[in-house]
Amino acid sequence: MFYKKKPTIAVFCGSQKGNKTIYSSQSKKVARILCKNSYPIIYGGGRTGLMGTISDTIKKSKGKIIGIFPDFLNIQKLAQEGLYKFYTVKTLSNRKKIMINRSDAFLILPDGFGTLDELLEVLTLKQLGLSNKPIIIFNIHGFWNPLKKFFLFMKKEGFVNHKDIKHIFWAKNADEILNFLDNNFHK
C-alpha cells in the first residue's frame, strides 16, 4: 500500500482502565508515538477508561483524534469533549461500522466484550476477503495471550485456517506498532 497522507488508525478500547496501571501507561505511550508520527486516530469517543487515556493523551499532544459516540450513552456525560472531530450515532453497530469504514488499520488494546466484538468483526471481514486492513493487537502485559491460545486451538480443531490468524500482528510494545505501521504504509 502507498499512502500520500498518513493512514487513519482505529483504536478499539474501552471505558475501563483495568486493574493494572501498565494498561494506561502503555496506552499513553502508543498514543504519544502515533501522535508524534502524525497518525490520525478514530476511536469510540468516550472520556473514561482507556478511551479517555487515548483521547486525553492525543489532545494534549495536539494530534488529530476523531470520536464516534453512541448518543444513548451520553446520558451519563461519557462523551469526550474538545476532539478534532466528534460524531454521534444511534447504535453501537453504527459506531463500529463508521470506525471500520473510515480507518486504514485497526489497533486493539486490552478491554472487555465491546473491544472483543470489534476485533472479531474485523477478523471476520479479513477472513471473508472483505477487508485487507492491518490488524494489530497490542498485547500489553500478555493480556491477549489467552485469546491467542484460543485462536491456535480453533486452528488445530479445523475451524480457522492458518491464513486467517497469520494476518494478526501481535505487538508487545509501542515501538513495534510504529515499525509495523511504517512498514505497511510507506511514508
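Structure: above.
Summarised in this report is the structure supplied together with it. These figures come from a predicted structure and were not determined experimentally.

## Points about the pattern of salt bridges
- In this structure the tally under the stated criterion is six salt bridges.
- A salt bridge links lysine 156 to glutamate 157; the nearest nitrogen and oxygen atoms lie 3.8 Å apart.
- Given a relative accessible area of 66%, lysine 156 falls into the exposed group.
- Looking at glutamate 157, the relative accessible area reads 42%, which means it is partly exposed.
- Among the salt bridges present, the one from lysine 163 reaches aspartate 164, with a minimum N-O distance of 3.3 Å.

## Structural notes on a positive patch on the surface
- Together, Lys5, Lys64, Lys85 and Arg102 give the surface a local cluster of positive charge.
- Take lysine 5: it is sitting in the segment before strand 1 (9-12).

## Some points on the pairing of strand 1
- Covered by surrounding structure in strand 1 are Ile9 and Val11 together with Ala10 and Phe12, the residues of both alternating faces.
- Bridging between strand 1 and strand 2 (residues 41-43) involves two bridges; their strand directions are parallel. Across the sheet, the residue bridging to alanine 10 is isoleucine 42, located in strand 2.
- At this point the chain moves from strand 1, through helix 1 (residues 21-36), to the parallel strand 2, and the crossover so formed is right-handed.
- Sheet topology places strand 1 next to strand 5 (residues 105-108); four bridges connect them, and they run parallel. What sits directly across from valine 11, in strand 5, is leucine 107.

## Describing the packing of aromatic side chains
- Applying the stated criterion across every chain, the model contains seven aromatic pairs.
- Their ring planes at 20 degrees and their centres at 5.9 Å tell us that phenylalanine 12 and phenylalanine 106 sit as a pair that is stacked. Placement of phenylalanine 12 in strand 1 and of phenylalanine 106 in strand 5 is noted, with a sequence separation of 94 residues between them.
- Aromatic rings pair up to connect Tyr23, Phe143 and Trp144 into one cluster.
- Lying over the aromatic face of tyrosine 39, lysine 6 brings its terminal NZ or CZ to 4.3 Å of the ring centre.

## Section: helix 5 (residues 145-156)
- Compared with the 16 Å implied by 1.5 Å per residue over 12 residues, the 16 Å span of helix 5 between its first and last C-alpha is a close match.
- A positive phi of about 85 degrees marks glycine 158, the residue just after helix 5.

What counts and how
- Residues numbered from 1 in each chain as written.
- Predicted model: local features only at pLDDT ≥ 70, side-chain atom pairs only at ≥ 80, totals over all residues.
- Heavy atoms only, no water.
- Salt bridge = Lys/Arg side-chain N within 4 Å of Asp/Glu carboxyl O.
- Buried < 20%, exposed > 50% of the residue type's maximum accessible area, 1.4 Å probe, protein only.
- Patch = residues over 30% accessible without salt bridge, like charges linked within 9 Å, V, L, I, M, F, W, Y side chains within 5 Å.
- Areas by Shrake-Rupley, 256 points an atom, 1.4 Å probe, with all protein chains shown as cover.
- Lys, Arg positive; Asp, Glu negative; His and termini not counted.
- Charge placed at Lys NZ, Arg CZ, Asp CG, Glu CD.
- Helix = DSSP H or I, 4+ residues; strand = E, 2+ residues; numbered from the N terminus.
- Pairing = 2+ DSSP bridges.
- Right-handed = clockwise from strand over helix to strand, strands pointing away.
- Phe/Tyr/Trp six-rings, centres within 6.5 Å; stacked < 30°, edge-to-face > 60°.
- Lys NZ or Arg CZ within 6 Å of the ring centre and 35° of its normal.
- Expected span 1.5 Å × (residues − 1).

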